[in-house]
Each structure stands twice: as C-alpha cells, then as structure tokens.
Amino acid sequence: MKSILAAGRLPATAFLVSLLCPALQAVPVRVLAWDDAIAGMRLALGDAKGSSVIESMHPSKRTRIYQLTAGEKPLVVEALDKKDPEGRPYTNEIKIPERIKQPLLVILPDAKAPTGVRLFVLDDDTSSFAWGSTRFINATGKQLVYVQEKKIVHLPSSWDPVQTDPGGTTRNMEVKFYFHDQPARAFYSAIWEYNTDLRMLVFLLPGEDPRSGPVAMKMIPEDRRLVLAAKEASAKADGTQP
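What comes next concerns the included structure. Predicted model, so just to flag it, every value in this text is computed and none were measured.

1. So, the overall build of the chain
When you go through the chain residue by residue, the secondary structure sums to three helices and 16 strands. Burial analysis of the chain (242 residues in total) assigns 38% to the buried set. Of the roughly 14,500 Å² of accessible surface on the chain, 54% is carried by carbon and sulfur atoms.

Here it is as structure tokens:
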C-alpha cells in the first residue's frame, strides 16, 4: 500500500518541480546592426548559460545564428563597454513573442538608454518571410503606398511588417512609391529585380538628403543560395556531412 501511495504522489511532485523550474528552451537568434556605429559596439547576448559576444555585426547583413537558452533567466543584450555602479554591463531584455520561430534582433541606437541601444524583434523564419518576397517596415511616420507592376500594397505608418510577393518567374518589374495623401505623384520610381532565390527586408525612413527624395530606404537582401552554401560548409566542418 505504501508503494502505491508513493507512486501516486510522483506526478504531483513532478508537476511542482516543473512549476519551480521552468523548462529550458533553445532560441535561434540572428542580429542585425542598425548602422555602422551599432556594428562597432561591444555587445553580447546573455542567456541562462552565460553570454556570447556578438561577432561580425553589419548594417546590411545578418549575423550567424546564436543558439540561446531561455527559461531560467531572461534573454538580454549586454553593453560590455557601459557598466553600472557595481561594474556590471547594462542590459536590455530581449522580448520575443511566442509566435516568432526565428527571431531577427535589430539593434537600434537610443541615446537615452543606459546601454545606448533599443531592440526590435522580427520573425525571420522563411515560413513567414518567404524567399522571393519583400518585407517593408515603414518608419517614416506617414502612410505610404507601394505599387509593383499592377499590385497595390498599403503601408501603414507603423513598424508592423508588411510583405508582398508578386510570384512568377525571375524578372525585372516596375515599382513606385506614393504618399497615401498624394496619390497623383510618385516620389520614387524604379526597376527592381524579382528573384525567387532572394528576399529583401526594406526599412523606409524619413529622407535626410533632399537630393535623394523625401523617403530613404535601408535594404537588407538575403540570397537563398548563399545561405544553403554556408549551411553545407558548416555541416562539412562539423563532420555531419560526408
């Protein structure tokens, strides 16, 4: 009888332990520096197991994947050159919504923050940001309209991503941008390449140079062929591929 009662208590004990010790979860994170100043900072990613210095940051290229462990401690960005009175690096917590599968951590400047940066997280998984598509982040504060060939895409005045994929085969296509309240005159017109092996992340920003127009574009391309080649090279180096 005693053994039966003890066995009956095990599930409750296991449940209590699970509440006190949350399960650890692997989180694959890549980093994008907003500009050259951010890319030159000494920053690290901190998790339940310690911290890793972010290497090779670049304003137009994602870093390698950092496998972080979430659960016991919050995920943070550490500013290694900015210390608190006790000599510890100031940190920013990385808040990743549950729906995000492959976080892309965009690190932006913030002069008011002790770390000197603020964080913006996007889902970079190809299931939500497919090859061949373009993703826009409208940071102009104004509603914009994007036209590719005959397709019209409205871009709200927010940092919520908007994606478009014209489909079909690789080709050149005409694109235009308008202010929502000025539909008669495009402020930008060009020929862009559509390629099913490429995806483009585009930040739309207030233009600072009158010669370049009222809106500036920060474009971060990624090529599926280069990504696959890098994975194959990594697997070969690890001995997981013949």
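From this point, the discussion proceeds with the structure in view.
2. Here's the deal with the nonpolar core
In this structure, L45, I54, L105, V106, I107, L201 and F203 are the most contacted members of the largest nonpolar core, which totals 35 residues. Elements with a contribution of two residues or more to this core: β1 (25-33), β2 (43-47), β4 (66-70), β5 (76-83), β7 (103-109), β8 (117-123) and β15 (198-206). Those residues in contact with I54 that lie beyond four places of it in its chain are V31, L43, A44, L45, T63, Y66 and I107. Listed in part, the 16 residues of the second largest apolar core include V153, F177, W192 and V202.

3. A word on the layout of surface pockets
If you add up the space inside the largest pocket, you get close to 760 Å³. Together, 23 residues line the largest pocket, and R30, T63, E222, V227 and A230 are the ones closest to its centre. Contributions of two or more residues to the lining of the largest pocket are made by β16 (215-223) and α3 (224-238). The biggest single contributor to the lining of the largest pocket is α3, with seven residues. The residue inventory of the lining of the largest pocket, partitioned by class, reads seven nonpolar, five polar and eleven charged. Of the pockets and cavities examined, the second largest pocket occupies roughly 280 Å³. Along its surface, the second largest pocket is lined by 14 residues, and Q25, V27, A70, I96 and P97 are the ones closest to its centre. Broken down by element, the residue count for the lining of the second largest pocket peaks at four residues, all from β1. Tallied by class, residues from the lining of the second largest pocket come to nine nonpolar, two polar and three charged.

4. Brief notes about the environment of E78
Mapped onto the elements of the fold, E78 is located in strand β5. Excluding anything up to four places from it in sequence, E78 contacts R42, L43, A44, G46, S51, P89, Y90 and T91.

5. A short note on the packing of aromatic side chains
What the rule picks out here adds up to 13 aromatic pairs. An angle of 85° between the planes, with centres 5.1 Å apart, marks the rings of F120 and W159 as edge-to-face. On the criterion of sequence distance, the pair formed by F120 in strand β8 and W159 in the loop between β11 (151-155) and β12 (162-164) is long-range, its members being 39 residues apart. What makes W159 partly exposed here is its relative accessible area of 27%. Cation over ring: K142 sits above F179, and NZ or CZ is 5.3 Å from the ring centre. Lying over the aromatic face of F129, R199 brings its terminal NZ or CZ to 4.6 Å of the ring centre.

6. What to know about the sheet that holds strand β6 (residues 89-93)
Sheet strands pair via backbone hydrogen bonds, and the direction of the pair is either parallel or antiparallel. Taking strand neighbours across the sheet as the criterion, the four strands line up as β3-β2-β5-β6 in an open arrangement whose pairing is antiparallel. Pairing within the sheet leaves two strands with one partner each, and these edge strands are β3 (50-53) and β6. Shown here is a sheet whose adjacent strand axes are inclined to one another by a mean of 30°, direction ignored. Bridging between β2 and β3 involves four bridges; their strand directions are antiparallel. Note on β3: the bridge partner recorded for L45 is S52.

7. Comments concerning α3
Here α3 contains 15 residues, and its C-alpha end-to-end distance of 21 Å stays within 8% of the 21 Å for a straight helix at 1.5 Å per residue. Backbone geometry just downstream of α3 places G239 in the positive-phi region, at approximately 80°.

8. A short note on the sheet that holds strand β9 (residues 134-138)
Taken in spatial order, the four strands of this open sheet run β12-β9-β15-β16, and their pairing is mixed. Strands with a single pairing partner mark the edges of an open sheet, and in this sheet they are β12 and β16. With direction set aside, neighbouring strand axes in the sheet form an average angle of 20°. Note that β9 and β15 share five bridges and pair parallel. What sits directly across from N138, in β15, is L204. Where α3 meets the sheet, it contacts β15 and β16, and its direction lies at approximately 45° from that of β16.

Analysis parameters
Residues numbered from 1 in each chain as written. Predicted model: local features only at pLDDT ≥ 70, side-chain atom pairs only at ≥ 80, totals over all residues. Heavy atoms only, no water. Helix = DSSP H or I, 4+ residues; strand = E, 2+ residues; numbered from the N terminus. Buried < 20%, exposed > 50% of the residue type's maximum accessible area, 1.4 Å probe, protein only. Areas by Shrake-Rupley, 256 points an atom, 1.4 Å probe, with all protein chains shown as cover. Core = buried A, V, L, I, M, F, W, Y, C linked by side-chain atoms within 4.5 Å. Contact = heavy atoms within 4.5 Å. 1 Å grid on protein atoms, 1.4 Å probe; cavity = no way out; pocket = protein on both sides within 12 Å on 5 of 7 lines; lining within 4 Å. Points joined across faces, edges and corners; volume = space filled by probe spheres on them. Nonpolar A, V, L, I, M, F, W, Y, C, P; charged D, E, K, R; others polar. Phe/Tyr/Trp six-rings, centres within 6.5 Å; stacked < 30°, edge-to-face > 60°. Lys NZ or Arg CZ within 6 Å of the ring centre and 35° of its normal. Pairing = 2+ DSSP bridges. Axes fitted to C-alpha atoms, helices over the stretch in contact; angles between N-to-C directions. Expected span 1.5 Å × (residues − 1).

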